[in-house]
Amino acid sequence: MNAVEVAFFVLLLLAAAAELPRGDALWLELPSSGTKCVSEEIHNNVVVLGDYYIIGDEGHKVVPTISVKVTSPYGNSLHHQNNVTHGQFAFTSTESGSYLACFWMDGDLPVTKGATVGLDWKTGIFAKDWISVAKKEKIEGVNLELMKLEGIIQAIHENLRYLKDREAEMREVSEKTNARVAWFSIMSLGICVFVSATQLWYLRHYFQKKKLI
């Protein structure tokens, strides 16, 4: 490939990588009471890193603390901390679905107003520590960028396979639902015909008994 084709291929990879679930830096406004949650759709066997922290506010006379809980799609607790101002969580997903991170203010301190929490949530290839990889593999420059592109290609492939599997599951569910609806419609039609025939027989028998026909 010439230089133009290489540049086009790299841009295509970057555009595809933009569609990957990566997580972003978020600011959450927590009320003084109540819970605020953030969800992320993650498939199986994906590395997840999270960094959360209280963003300073001069309106607080005391530094507020928060409680944090991260749960899997099936409700398993992956991270739980109380009375903290900052923290981190890291795990490799074992279930496909929506992972939930919930934050709420602790009730131990006399805080009458909410707080702002920063959350940096990274998943997959974007959660990898490339600096450590570069030091361990003793690579830099172009070789490091090529390794990143290789990781992005693999992540794109895995994401496409995950989407294909989800599409197959949804199609199977849709086909089963259509089949059940068809059987239910046939059964309903059969019941209606049977009831109509029964009513006709009863009315005919009634009129004959009364000698109306």
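The structure presented is a predicted model; accordingly, all values stated were derived computationally and were not measured. (Residues numbered from 1 in each chain as written. Predicted model: local features only at pLDDT ≥ 70, side-chain atom pairs only at ≥ 80, totals over all residues. Heavy atoms only, no water.)

A. Quick look at unusual backbone geometry. The residue N45 is not glycine, and still its phi comes out positive at about 60°. Among the structural elements, N45 can be located in the loop between β2 (35–42) and β3 (47–55). The class of N45 is exposed, set by a relative accessible area of 60%. Positioned with a positive phi, N83 is a non-glycine residue whose angle comes to about 55°. Within the secondary structure, N83 sits in strand β5 (residues 77–84). (Helix = DSSP H or I, 4+ residues; strand = E, 2+ residues; numbered from the N terminus. Buried < 20%, exposed > 50% of the residue type's maximum accessible area, 1.4 Å probe, protein only.)

B. Representation of the UniProt feature "transmembrane region" (unreviewed entry) in the protein within the structure. Sites flagged by UniProt as "transmembrane region" (unreviewed entry) map to residues 181–203. Its end C-alpha atoms 33 Å apart, residues 181–203 is made of 100% helix and 0% strand. (UniProt positions renumbered as here; feature names shortened; annotations may be inferred.)

C. Seen up close, the sheet that holds β2. Overall, antiparallel pairing links the four strands, which are arranged β2-β7-β4-β5 in an open sheet. The open sheet terminates on both sides in strands that have one partner only, identified here as β2 and β5. Each neighbouring strand pair of the sheet contributes to a mean axis angle of 10°, computed without reference to strand direction. (Pairing = 2+ DSSP bridges. Axes fitted to C-alpha atoms, helices over the stretch in contact; angles between N-to-C directions.)

D. Region of the structure containing the sheet that holds strand β6 (residues 86–92). Taken together, the four strands give an open sheet; going across it, the order is β1-β8-β3-β6, and neighbouring strands pair in antiparallel fashion. On the outer flanks of this sheet lie β1 (25–30) and β6, each paired with one strand and no other. Strand after strand, the sheet turns through a mean of 20° between neighbouring axes, direction not considered. Inspection of the sheet shows β3 paired to strand β8 (residues 115–123) by eight bridges, in the antiparallel sense.

E. Expanded view of the packing of aromatic side chains. By the definition in use, this model includes seven aromatic pairs. On the numbers, 5.8 Å between centres and 85° between planes, the contact of F89 with W121 is edge-to-face. Within this pair, whereas F89 is found in strand β6, its partner W121 is found in strand β8, the two being separated by 32 residues in sequence. Pair check on accessibility: F89 and W121 agree, each one buried. Through successive ring pairs, a cluster of aromatic residues spans Y52, F89, F91, Y99, F103 and W121. (Phe/Tyr/Trp six-rings, centres within 6.5 Å; stacked < 30°, edge-to-face > 60°.)

F. Focus on the environment of K128. Residue position: K128 is located in the loop between β8 and α2 (130–137). Each C-alpha atom of the pair K128 and V47 lies 8.1 Å from the other, and the pair is 81 residues apart in sequence.

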